[in-house]
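# Examining the three-dimensional arrangement
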Amino acid sequence: VAVACAEAVICGLQHGEGHKIPVRSILCCEYCVRKGVATMIIELDMNSSTPIYVQLRNQIVMGIGRGELKLGESLPTVRQLAQDIGVNTMTVNKAYQILKTEGYIKIDRRHGAIVSDNIDMDIVFREKLENELELLLAEAAINGMDKNDFLSMCNEIYSKIKVSGDSEPKTT
């Protein structure tokens, strides 16, 4: 079940109104997905040139990576999430379909969307990762970042990632 985040409650806006909340110097919609004790915050920048379905996909992947969404955990239904974040159901459906294609979630008509419990790195993902890292490294080098700073930043960010209690990501 997704509920309005604390900021929405504080500013007096009702949940699901598609309101904008200033966070980190940008306008974004921020919602908390609460499941038991765990909370996952989904931030969507409605002014970004990045499509909402891509932002939603990225936020769910980050939630899995940080351990906020556990392997085997159910996600909100397409309708529920769309209503809660104030977007069209097709937007959520498109994000879920991409996540399914990439192997991050499984979709079952009876149980809805569930975080996949066997996310493995295949050759296609490895090639995509290498290409994206190469681009990031080129941009960092162009902007004056040296190798040690880049690797230090990578290590710092990687230390925050934890998939369902694992200390290392799965590989095949």
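Provided above is the structure to which this section pertains.
Each value, and the rule that gives it
Residues numbered from 1 in each chain as written. Predicted model: local features only at pLDDT ≥ 70, side-chain atom pairs only at ≥ 80, totals over all residues. Heavy atoms only, no water. Helix = DSSP H or I, 4+ residues; strand = E, 2+ residues; numbered from the N terminus. Buried < 20%, exposed > 50% of the residue type's maximum accessible area, 1.4 Å probe, protein only. Contact = heavy atoms within 4.5 Å. Pairing = 2+ DSSP bridges. Polar contact = N/O pair within 3.5 Å; in protein donor to acceptor, adjacent residues only side chain to side chain. Phe/Tyr/Trp six-rings, centres within 6.5 Å; stacked < 30°, edge-to-face > 60°. Lys NZ or Arg CZ within 6 Å of the ring centre and 35° of its normal. Axes fitted to C-alpha atoms, helices over the stretch in contact; angles between N-to-C directions. Parallel < 35°, antiparallel > 145°, perpendicular 65-115°, else oblique. Left-handed = near helix turned anticlockwise from the far one by under 90°. Nonpolar A, V, L, I, M, F, W, Y, C, P; charged D, E, K, R; others polar. Expected span 1.5 Å × (residues − 1). Arc of directions from axis to C-beta. Patch = residues over 30% accessible without salt bridge, like charges linked within 9 Å, V, L, I, M, F, W, Y side chains within 5 Å. Areas by Shrake-Rupley, 256 points an atom, 1.4 Å probe, with all protein chains shown as cover. Salt bridge = Lys/Arg side-chain N within 4 Å of Asp/Glu carboxyl O. Core = buried A, V, L, I, M, F, W, Y, C linked by side-chain atoms within 4.5 Å.

Each helix and strand in the protein chain was counted, giving 6 helices and 6 strands. Overall, the protein chain shows an N-to-C arrangement of helices and strands of β-α-β-β-β-α-α-α-β-β-α-α. Here the protein chain holds 172 residues, and 29% of them are scored as buried. Once local pairs closer than 6 in sequence are excluded, the contacts in the protein chain between residues at least 24 apart make up 48%.

Sheet analysis places strand 5 (residues 105–108) next to strand 6 (residues 112–115), joined by 4 bridges and oriented antiparallel. Within strand 6, the position partnered with Lys-106 by the bridge is Ile-114.

This part takes up the side chain of Asp-84. Along the chain, Asp-84 turns up in helix 3 (residues 78–85). You can call Asp-84 buried: its relative accessible area is 3%. Polar side-chain contacts of Asp-84 include one of 2.8 Å to the side chain of Gln-80.

The next thing to look at is the packing of aromatic side chains. Tallied over the entire structure, the rule returns 0 aromatic pairs. Directly above the aromatic system of Tyr-53 lies the positively charged group of Lys-94, at a separation of 4.2 Å from the ring centroid.

In this section: the packing of helix 3 against helix 4 (residues 89–102). Viewed as axis vectors pointing N to C, helix 3 and helix 4 meet at an angle of 125 degrees, and their least axial separation amounts to 8 Å. Judged on the interaxial angle alone, helix 4 and helix 3 are oblique. Crossing handedness for the pair helix 3 and helix 4: right-handed. On helix 4, the residues that touch Val-78, Arg-79, Leu-81, Ala-82 and Ile-85 of helix 3 are Thr-89, Val-92, Asn-93 and Tyr-96. For the contact of helix 3 with helix 4, the per-class residue count stands at 6 nonpolar, 2 polar and 1 charged.

A few words now on helix 4. Counted at 1.5 Å a residue, the expected span for helix 4 with its 14 residues is 20 Å, and the 20 Å between its end C-alpha atoms agrees. Listing the buried residues of helix 4 in full gives Val-92, Ala-95, Tyr-96 and Leu-99. Looking down the long axis of helix 4, one finds its buried residues gathered within 95 degrees of arc, a one-sided arrangement. Residues of helix 4 that are exposed and point over 90 degrees away from its buried face: Met-90 and Thr-101. The inward-facing, buried residues of helix 4 contact helix 2 (52–65), helix 3, strand 5 and strand 6. At the exit of helix 4 stands Gly-103, carrying a positive phi of roughly 90 degrees.

Within the fold, Ser-116 resides in the loop between strand 6 and helix 5 (123–142). Separated by 2.9 Å, the side chains of Ser-116 and Asn-118 make a polar contact. Apart from residues no more than four positions distant in its own chain, Ser-116 is found in contact with Leu-71, Gly-72, Gly-103, Tyr-104, Ile-105 and Lys-106.

Residues Leu-129, Leu-133 and Leu-136 make up a contiguous nonpolar surface patch of about 230 Å² in total accessible area. Overall, Leu-133 belongs to the partly exposed group, its relative accessible area being 38%.

Core analysis: the biggest nonpolar cluster contains 23 residues, and Leu-56, Ile-60, Val-92 and Tyr-96 have the highest contact counts within it. If you list the elements that add at least two residues to this core, you get strand 4 (38–44), helix 2, helix 3, helix 4 and strand 6. Residue contributions to this core peak at 5 residues, all from helix 2. Excluding residues within four positions of it along the chain, Val-92 makes contact with Leu-56, Val-78, Leu-81, Ala-82, Ile-85 and Val-87.

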